[in-house]
Structure formats: C-alpha cells, structure tokens
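Chains, contacts and geometry: an overview
One letter stands for each residue in the lines below.
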Amino acid sequence: MPTLLQINSSPLETSISRELTGEYVTAWKAAHPDGRVISRDLAVTIPQPLNAVWISANFTPAASRSEEQKQLLAFSDELIGELEAADEYVIGVAMHNFSIPSTLKLWIDQIARGGRTFSYSSAGPKGLLEGKKATVVVASGGVYEPGTPTGGFNFVEPYLRAVLGFLGVTDVTFVTASGAAKMMSGAVDRATFLQPALERIRAAAA
C-alpha cells in the first residue's frame, strides 16, 4: 500500500501552501485509491528546540538510554517513523524572510539524526531515507525565480534540496507559487493566481 506523508508548516489555515498541499493529496488519492496519507501539522504540534539534554540522549547508545532519555527522543522517533513509513512526501512551505518557517527548521533538527536518517563512514555521509520522493510546495509574497532581480534571496530551495539530499531523498520536485503579494493587494484574484500552481501540483501527484 503506497503511503504519502503530508507536512504543513504554515500557521495560517488559509495559507497558499496549505491549499496546494491539500490539492496534492486530493490528486494523489485519485491516482492511488488504495493509498494511505499521514498528516503532520507543524503549526499544531510544534517541535521543541534541541537542548543539551536532548543531544546527550541522542548520542547515548540506544541500549543504554534511560527511560527519561527515551521519552526525550520519543517525539523525534515518531517523526522519523513517519518518514520511514512513507513512500513520498509533500511539504508545504511559506517563505519567511527568504528562508523556511521556524517550525520546519525545528522539524529538521528533530529528524536529522545520525544512525537513523543518515550515517557516516570512511566514504563520507550517507542518507538512509533512500528511494523516497518529495514534492516541496513553496509560496512567497515576492518573486524569487532565478534570473529575477531578487532571485538570489531565495534560500528555501537550495537549503531544502541540500537537507533532503543529505538524508538520502534526491528525487525532489519544487512547485512554486510566487508573487502572492499581488493577490493580497487585490491586483489578481486568488483563483487566477493559484491556477498555474494547481496544474503543476496535479501533474506532480499523478
């Protein structure tokens, strides 16, 4: 049974990235009627920042961890379990100050764990989430496409491509809905603005 992990990081229920990930799920279900969807809303269950106690627990061998240490890592284990169980991911990202939302960064900190999602050897790092597919939906107020005057300010795609690749996820598609400021100012209506991104989303989910 194919499994899709849907991750939303925007705190706004009406956000563009949420609407687009929702459309992805709808199209994916149509293409995979026997499939299962796991939903992870990072605005509802916000990951905690890492601290020294968490890091110490993580570096303690699993067989030697105390019950307290196991509890500290339980949420991280749950998040990693979702990644391991899913065949593909759709991640909704609203650009915040040229980068990703803080909730998504906290999630990355919780799931990037040596021995679980990556490992090191004499040959260098190796991602352990191999064979997965990811679609990243990015919504931004401005236009940050390559070749535009502000294209160099987009740190979302290179960062997430690097992080996912480090974890072994190299089949990554980015779908961007940029220039939302025009919609918010009333220069274009929401349906017209979203239509091109919705078409790309449906194609990616098929």
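Shown above is the structure to which this text applies.
Anyway, here's the lowdown on the structure attached to this text. (Residues numbered from 1 in each chain as written. Predicted model: local features only at pLDDT ≥ 70, side-chain atom pairs only at ≥ 80, totals over all residues. Heavy atoms only, no water.)

Of regular secondary structure, the protein chain possesses 7 helices and 7 strands. N-terminal to C-terminal, the α/β element order of the protein chain is β-α-β-α-α-β-α-β-β-β-α-β-α-α. By the compact-globule yardstick of 17 Å for 206 residues, the protein chain fits well, its C-alpha radius of gyration being 18 Å. Referenced to the eigenvectors of the C-alpha coordinate spread, the extents of the protein chain come out at roughly 60 × 40 × 35 Å. Taken over 206 residues, the protein chain has a buried fraction of 45%. Of the contacts made within the protein chain by residues no fewer than 6 positions apart, 78% connect residues no fewer than 24 positions apart. Across the protein chain, the centroid of the 17 positively charged side chains sits 2 Å from that of the 20 negatively charged ones. (Helix = DSSP H or I, 4+ residues; strand = E, 2+ residues; numbered from the N terminus. Rg over C-alpha atoms; globule rule 2.2 N^0.38 Å. Buried < 20%, exposed > 50% of the residue type's maximum accessible area, 1.4 Å probe, protein only. Contact = heavy atoms within 4.5 Å. Lys, Arg positive; Asp, Glu negative; His and termini not counted. Charge placed at Lys NZ, Arg CZ, Asp CG, Glu CD.)

A word on empty space enclosed by the protein. For the structure on display, the rule yields 1 cavity of 30 Å³ or more. Ile-91, Leu-104, Trp-107, Ile-108, Leu-160, Val-163 and Leu-164 together form the lining of the largest cavity. Mapped by element, the contributors of at least two residues to the lining of the largest cavity are helix H4 (102-111) and helix H5 (156-166). Here the lining of the largest cavity is built from residues that sort into 7 nonpolar, no polar and no charged. (1 Å grid on protein atoms, 1.4 Å probe; cavity = no way out; pocket = protein on both sides within 12 Å on 5 of 7 lines; lining within 4 Å. Points joined across faces, edges and corners; volume = space filled by probe spheres on them. Nonpolar A, V, L, I, M, F, W, Y, C, P; charged D, E, K, R; others polar.)

Another aspect to go through is the side chain of Ser-15. You can see Ser-15 is positioned in the loop between strand S1 (3-8) and helix H1 (16-31). Assessed through its relative accessible area of 9%, Ser-15 is described here as buried. Setting aside anything within four residues of it in sequence, one finds Ser-15 in contact with Ser-10 and Arg-190.

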